[in-house]
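Each chain, letter by letter, is given below.
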Amino acid sequence: MVRTSKTEKGVCWEVQANNQTFHKSLRRRSILCVRWGRYADNVVRSYKYTPLTFLPLNLYEQFQRAANLFFLLIVILQCVPIIATIPWYSTMLPLLFVLVVRGCKDLATDVGRRRSDSQINKRPCDVLTPEGFRTVKWKDVCAGDILRVHKDQVIPADLLLLCSTEPHSLCYVETADIDGETNLKFRQALTVTHAELKADQAEKDLAAFNGVVWCEEPNGNLHSFKGELHWKGERHLLDIDNLLLRGTVMRNTNTAYGLAIYTGMTSSDSKILQNCGRLILKKTRVEVLLNKTVLVILLFMLTVALLLAIGAGIFELQVAPQLNVLVALQRGSSAAYLGFLNFWGYIILLSPSMPMSLYITFEVIHVVHCLLIGWDLEMYWEDNDSPAQARTSTLNEELGQVGHLLSDKTGTLTQNRLLFRQCYIDGKIYGDMSQECKPLDLSWNRFSCGGMKFSDQRLVEKLRGWSSPECQEFFTALALCHTVMSEWKDGLPQYQAASPDEDALVCAARELGWVFLSRTRETLTISELGITRNYQLLAILDFTSKRRRMSVLVREPGGELKLYCKGADIVILERLQKDQPLQEDTDSALELFAQNCLRTLCVAVRPVPESLWTEWSHALNQASMAGGNQETMLEEIYDQMERELMLLGMTAIEDRLQEGVPETIEILRKAGVKVWVLTGDKTETAVNVGYACKLMDPDTALIQGEELRQLLDSPSPDVRAMSKEPEVWITDRKSVKSKTALVIAGPELEELTQKPEWGARFVNLAGQCQSVLCCRVTPAQKAEIVEMVKKHSTSITMAIGDGANDVNMIKTAHIGVGVCGVEGSQAVQNADFALAQFSFLRRLLLVHGHWSYYRVCGFLLYFLYKTSAFALVHVWYSFYNGYSAQPMYESWFISLYSTTYTSLPVQCLGIFEQDVSAKSCFSWPEIYSVGQENKLFNPLVVALTLLYSLYSSIILFFIPMGILQHSTLDFQTLAITVETSVVFTSTVEVVLKTKYWTKYSFAAIVFSLVAFFLSTFVLHSTRLFTASPKDYFFLGASANAFSSPEVWLTIFVTTCVAVLPSMTMRALSVVLTNPNKHKIHSSKEPVILQSWFQRGTLRRRSSYAVSQGKGFGKLITTGVGLHSAAPPQDRRVTPNGLIRGSPQHAGIEMNGSYRA
């Protein structure tokens, strides 16, 4: 009865603490495809194969290629003597070679995944056993286990926090591997478990803990959790604040104890792994079209073989009886039966039109392209010894066709570092942003930790000389107005902040002499240039995303009450006293900071009379005890106090991007790649980073919220964005190129994915905008966005990220790229390509991607041409041999043509060929559109290539036949003439296709021709004929043929006429095309990359963008989580060396004069 009620409420997942017998009896197991059980183990399995499934699964994947199935059929046919026209081993050996090579490559890739999985599975953790806590491996953890987690350890499973060594059993975790945010989140145990399970005697108490957790089934929702703890006859409600998620890192907490609720990788019970998605077998569009082309060739070959078989039957029935020679050779078979045998004979004879060497060479070229990516020193990151890696060798050419780049933000675009670069105080801007700026001498500050990027000696002199009360109060506000927690290490305060902005500001104040030392529930202690001051903390008006500001109300040591407030400029400026001085200077400073894409916030103060404090505190106490609308009442009371402010100044923080990110995004946009940013951060953070990395121009209009909803709800299918103010969209049919960007949040995305028509309109609208920012998205939503783009557009998608929260979208996209960042290695393990820096992406796409696409397309078209032209000669010869399936060439030429005579030149074409140099790829990124528009390998180009091969085959047979049929030369001479013409035509064609000559290309051409002539003379020698007359029956034919001038003249004429269309088209393209387009490869002039957007009037101000939820204010004012220990006294640390900053100098006095 109890279980029924819980199931009805959606709480049906039962976890019994310290009851391994219960959980192991229901552990999930599987044999082949049969699975049973409830609770998954904790083993990571990202590999595809097992010893039992490797052979059948790999063969199944390989025989999905139509050519492999076809050649398997050919091998079977060649084993039947009555229809075999060429030896069976000529096809069997290449087929086995292809299967073995591809299987070994897939096995090596899977072994690499197993090694990565093993490293994770063997991580140690402490699990409670009857003998006490014992160190086990991650893979041995199961639901119901009680774990002990230490500081800086990764959480191995989803745990219910039972208690910790922190006051009130708090636990601070870093969730960068889940949502990309590096600021700390707090989790707290239930009051009952905190009180009953003492951390100092946890082992004894936890061993007796027998609570039962009823919660929701495993799901991928990272921001909610519903459950109940049943213990000692009482029921306690659980939520997400009580849960430690797998993949998070415990910080600022010595020890925590938790109950494993969700485990598992294969079955994905834990929340983060519910968001990882499944491994997807990816194929490039080029390969898909190639497979379709192979099917078309197969159907064509079957049709031709059928027609020739019918011709054979008619010939046998009507013509053969009239010829005495053929009558003597009658085998007593009917015409239909002979036609049936000839049908299969022609299938074997025409099979070289789909040569197995195509796929062998294709695999080799893919592998070499991967090696070239790994060997590229310009994509090698020396700091962590990380070269670029191509973890999948089948997607190289698709790198040259990417139309949408969907990128994570934190750790991918940014370095997870915020730097205090400038500030505005009393009408002056401080901070030198030029690269030549000198680091500050902070040896006088015993609390300095070094590494500060701020440089302006004027400010230091004013602070140390106590000559500027405005500057002193500004930094007093920075040292007091925050919710930072301090922890002392080696005599220095270490800070744990709720947002990276607060950490950067408090650290900047510390470096300049205003040091936050410690806090209690009622006091704040700071050091002002060595003088310790204690401020009484009266109230914290906490930050929320709606308020976009926070304040502290303190009593100074002298007894005066002051409110210090900091927040977004648009929020603070409207709360200032009227007729504030320096208003124009303030606006100019904001414009300058915005132009430099710095994140700004305003700092203000308000003296508070005792009478106002008494009245306001009474109202605050009443609101704190209010019922349902408590938050609304508190916001109104906070708003009453945060009025009549006086501006102290503004801070400007640089959200440190990775090196080369703005330039990379700019050149990718010029190349036609649409860049989307998908992040778990808040909108303000993402927007500021978007401006900083040139994803958007400073005057770009943002379409978001209700405005975006109106666009998506518009009944007109032709929604167009436009930049005209105040309306930024229209629904007529006139498209206007606009400077707009779309901004959408996670809750709105849920509605977007539920309405297919919205998804199509959103993708269509995004195609007209500069960029798209998707904020507060879960890992599963990232994958849904990628899937939506794939569904509603025809472009190739690439997803790039560096954390476990990016794995799902990396797997979903056509191409997944993992960045070797600070958020772990799961993204790299599941990616197709791995890079150390986002900036390497431009070389990967514009150079290696473009070259791979160009090389693969040229290789495939040439291969289809040379093999089809070679095989179709048999069709025309059938008109002269009575449709008898007799080959035009000798059998050894058929075997060696694709493997020896023409293999090396086409490999060089696929490995070394390039239409433009690497430098030109960056100078003219528009060249990249060749791949995006699929100009080099599409159905039309393939059809023209096959028609060209049909033309060449006609020439290759009928010209020699027409010239030599009335001469005294025999059939073997004709065969050698046609063979030589085929080799020469293929060689001339590859010479015409080659634009980038290397010594290897030249050597390949020479080797192929020498190999042809040498092997021809050897195979026609007397010694081989004597050894095996059946296999080597062209005795002396080559010497006889090559001694005839008539033969050489025929070869020359045939070759010239066969390649005439190709030479004509190339000549016309040179004559008719703009000559400037042919100077790309040889241009030596330097190229300046310039944005094609005109910078307009700045209409944006960089706002205070904090990537956090609600702040720690409530914890501080209730005394929860505060250490009472006073900071150590009189300690000193040697300042570290400082690194110079960058871009722009800004020593400007805002009243109009310029200061050095």
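As a convention, each chain's residues are numbered from 1 in the sequence order in which they are written. This being a predicted model, a pLDDT of at least 70 is required before a residue's local features are given, and a value of 80 or more before pairs of side-chain atoms are given or counted; all residues contribute to the totals for chains, interfaces and linings. Side-chain descriptors were evaluated using all non-hydrogen atoms of the structure, hydrogens and water having been removed beforehand.

1. Some details on the overall build of the protein
Secondary structure counts use DSSP, requiring at least four H or I residues in a row for a helix and at least two E residues in a row for a strand, with both numbered from the N terminus. Within the protein, the secondary structure is distributed over 41 helices and 37 strands. Expressed as a percentage of the 1156 residues in the protein, the buried residues total 58%. What makes two residues a contact is simply this: any of their non-hydrogen atoms within 4.5 Å. The long-range share in the protein, meaning contacts at least 24 apart out of those at least 6 apart in sequence, stands at 75%. Where accessible areas are quoted, they stem from the Shrake-Rupley method and a 1.4 Å probe; at the residue level, only the protein chains shown are allowed to cover. Total accessible area on the protein stands at roughly 48,300 Å², and carbon and sulfur atoms take up 57% of it. Between buried and exposed lies partly exposed: a residue is buried under 20% and exposed over 50% of the maximum accessible area for its type, with that area taken using a 1.4 Å probe on protein chains only.

2. Some thoughts on a nonpolar patch on the surface
The patches reported here contain residues having more than 30% relative accessible area and no salt bridge. Joining distances are 9 Å for like charges and 5 Å for nonpolar side chains (Val, Leu, Ile, Met, Phe, Trp, Tyr). Salt bridge, as used here: a side-chain nitrogen of Lys or Arg that lies within 4 Å of a carboxyl oxygen of Asp or Glu. A grouping of Val991, Trp997, Phe1002, Val1006, Val1010 and Leu1014 is seen on the molecular surface, where their side chains present a nonpolar patch of about 560 Å² in accessible area. Of all the elements, helix α36 (residues 999-1019) adds the most residues to the nonpolar patch, at 4 residues.

3. Concerning the UniProt feature "transmembrane region" (unreviewed entry) in the protein
UniProt positions are given in the numbering used here, feature names are shortened, and annotations may be inferred rather than shown by experiment. Here, UniProt's "transmembrane region" (unreviewed entry) annotation points to residues 69-89, 293-315, 335-352, 859-880, 936-959, 971-992, 1004-1027 and 1047-1072. Structurally, residues 335-352 comprises 89% helix and 0% strand, and the distance from its first C-alpha atom to its last is 27 Å. For the annotated span residues 1047-1072, helix accounts for 96% and strand for 0% of the residues, and the straight-line distance between the end C-alpha atoms is 37 Å.

4. Points about empty space enclosed by the protein
Grid spacing is 1 Å over the protein atoms alone, the probe is 1.4 Å, and a cavity is where that probe fits but cannot get out, while a pocket is an open set with protein on both sides within 12 Å along at least five of seven lines and lining residues have an atom within 4 Å of a point. Grid points are joined across faces, edges and corners, and a volume is the space filled by probe spheres set on the points. Considering all chains together, one arrives at 11 cavities of 30 Å³ or more under this definition. Of the voids in this model, the largest cavity is the one considered here, and its volume is about 80 Å³. Contributing to the lining of the largest cavity are Gly705, Leu708, Arg709, Leu712, Ile744, Glu748, Glu751, Leu752 and Trp758. Going through the elements one at a time, α23 (705-713) and α24 (746-754) are the ones with two or more residues in the lining of the largest cavity.

5. Some details on the nonpolar core
Phe859, Leu860, Phe870, Met888, Tyr889, Phe893 and Phe937 are the most contacted members of the largest nonpolar core, which totals 86 residues. By residue number, the principal contributor to this core is helix α29 (residues 841-878), which donates 17 residues. Beyond its immediate sequence surroundings of up to four residues, Phe937 is in contact with Val286, Leu289, Leu290, Tyr853, Cys857, Leu860, Leu861 and Val942. Here, nonpolar core means buried Ala, Val, Leu, Ile, Met, Phe, Trp, Tyr and Cys residues that are tied together by side-chain atoms lying within 4.5 Å of each other. Leu418, Val515, Phe543 and Val552 belong to the second-largest nonpolar core, a separate cluster that totals 50 residues.

6. Notes on the confidence of the model for the protein
Confidence in the prediction for the protein averages 81 pLDDT; 84% of positions are at 70 or higher. Note that pLDDT drops below 50 for residues 1124-1156; the model gives that stretch 80 contacts with residues more than four away or on any other chain. The predictor's confidence in any single residue is recorded as pLDDT, a number from 0 to 100.

7. Here's the deal with the sheet that holds strand β7 (residues 158-164)
In this scheme, strands are said to pair when DSSP sees at least two bridges between them. A sheet is described by the order of its strands in space; here 6 strands give the open sequence β5-β4-β6-β15-β7-β13, paired in antiparallel fashion. The two strands at the open ends of the sheet, each matched to only one other strand, are β5 (132-137) and β13 (243-244). Sheet analysis places strand β4 (residues 124-129) next to β5, joined by 6 bridges and oriented antiparallel. Directly across from Pro124, in β5, lies its bridge partner Lys137.

8. Quick word on the side chain of His848
You can see His848 is positioned in helix α29. In this structure, His848 is in contact with Leu372, Ile373, Asp376, Met379 and Arg843, ignoring residues within four places of it in sequence.

9. Digging into the packing of helix α25 (residues 756-766) against helix α26 (residues 779-792)
To obtain each axis, a line is fitted to C-alpha atoms, and for helices this fit is confined to the stretch in contact; angles are then taken between N-to-C directions over 0 to 180 degrees. Taken N-terminus to C-terminus, the directions of α25 and α26 make an angle of 80°; their axes are 9 Å apart at the nearest point. Taken together, the axis directions place α25 and α26 in an arrangement best described as roughly perpendicular. Here Pro756, Gly759, Ala760, Phe762 and Val763 of α25 come into contact with α26, specifically with Met788, Val789 and His792. The classification used treats Ala, Val, Leu, Ile, Met, Phe, Trp, Tyr, Cys and Pro as nonpolar, Asp, Glu, Lys and Arg as charged, and all other residues, Gly among them, as polar. Here the contact of α25 with α26 is composed, by residue class, of 6 nonpolar, 2 polar and no charged. Orientation is classified from the angle alone, with under 35 degrees giving roughly parallel, over 145 giving roughly antiparallel, 65 to 115 giving roughly perpendicular, and any other angle giving oblique.

10. Description of the pattern of salt bridges
Taken as a whole and judged by the stated rule, the model has 29 salt bridges. For Glu363, the salt bridge identified is with Arg102, shortest N-O distance 2.7 Å. Of the two residues, Glu363 is situated in helix α13 (residues 356-375) and Arg102 in helix α5 (residues 89-121); the sequence distance between them amounts to 261 residues. Between Arg843 and Asp376 there is a salt bridge, and its shortest N-O distance comes to 2.4 Å. With Arg843 in helix α29 and Asp376 in the loop between α13 and β16 (389-390), this residue pair connects regions lying 467 residues apart in the sequence. The class of Arg843 is buried, set by a relative accessible area of 13%. For Asp376, a relative accessible area of 9% translates into the label buried.

11. Observations regarding the packing of α29 against helix α31 (residues 903-912)
Taken N-terminus to C-terminus, the directions of α29 and α31 make an angle of 160°; their axes are 7 Å apart at the nearest point. Relative to α31, the element α29 lies roughly antiparallel. The chirality of how α29 crosses α31 is right-handed. Contacts between α29 and α31 involve Arg855, Gly858, Phe859, Tyr862 and Phe863 from the first element and Val906, Leu909, Gly910, Ile911 and Phe912 from the second. In a left-handed crossing the near helix is turned counterclockwise from the far helix by less than a right angle, and in a right-handed crossing that turn is clockwise.

12. What about α31?
The α-helix advances 3.6 residues per turn, and as a result positions three or four apart in sequence lie on the same side. With 7 of 10 residues buried, α31 is to be regarded as a mostly interior element. In the core, the buried residues of α31 are packed alongside α13, α29, α30 (891-901), α35 (971-993) and α36.

13. Examining the sheet that holds strand β8 (residues 170-174)
Sheet strands line up and pair through hydrogen bonds in the backbone, either parallel or antiparallel. Spatial strand order, β9-β8-β14: 3 strands in an open sheet with antiparallel pairing. Edge positions in the sheet fall to β9 (184-188) and β14 (249-251), since each has one partner strand and no second. This sheet shows a mean twist of 45° between the axes of neighbouring strands, independent of strand direction. The sheet contact formed by β8 and β9 spans 5 bridges and is antiparallel. Residue pairing in the sheet places Tyr172 in a bridge with Phe186 of β9.

14. A short note on the environment of Leu459
Along the chain, Leu459 falls in helix α14 (residues 457-464). Between the C-alpha atom of Leu459 and that of Cys423, which follows or precedes it by 36 residues, the distance is 9.9 Å.

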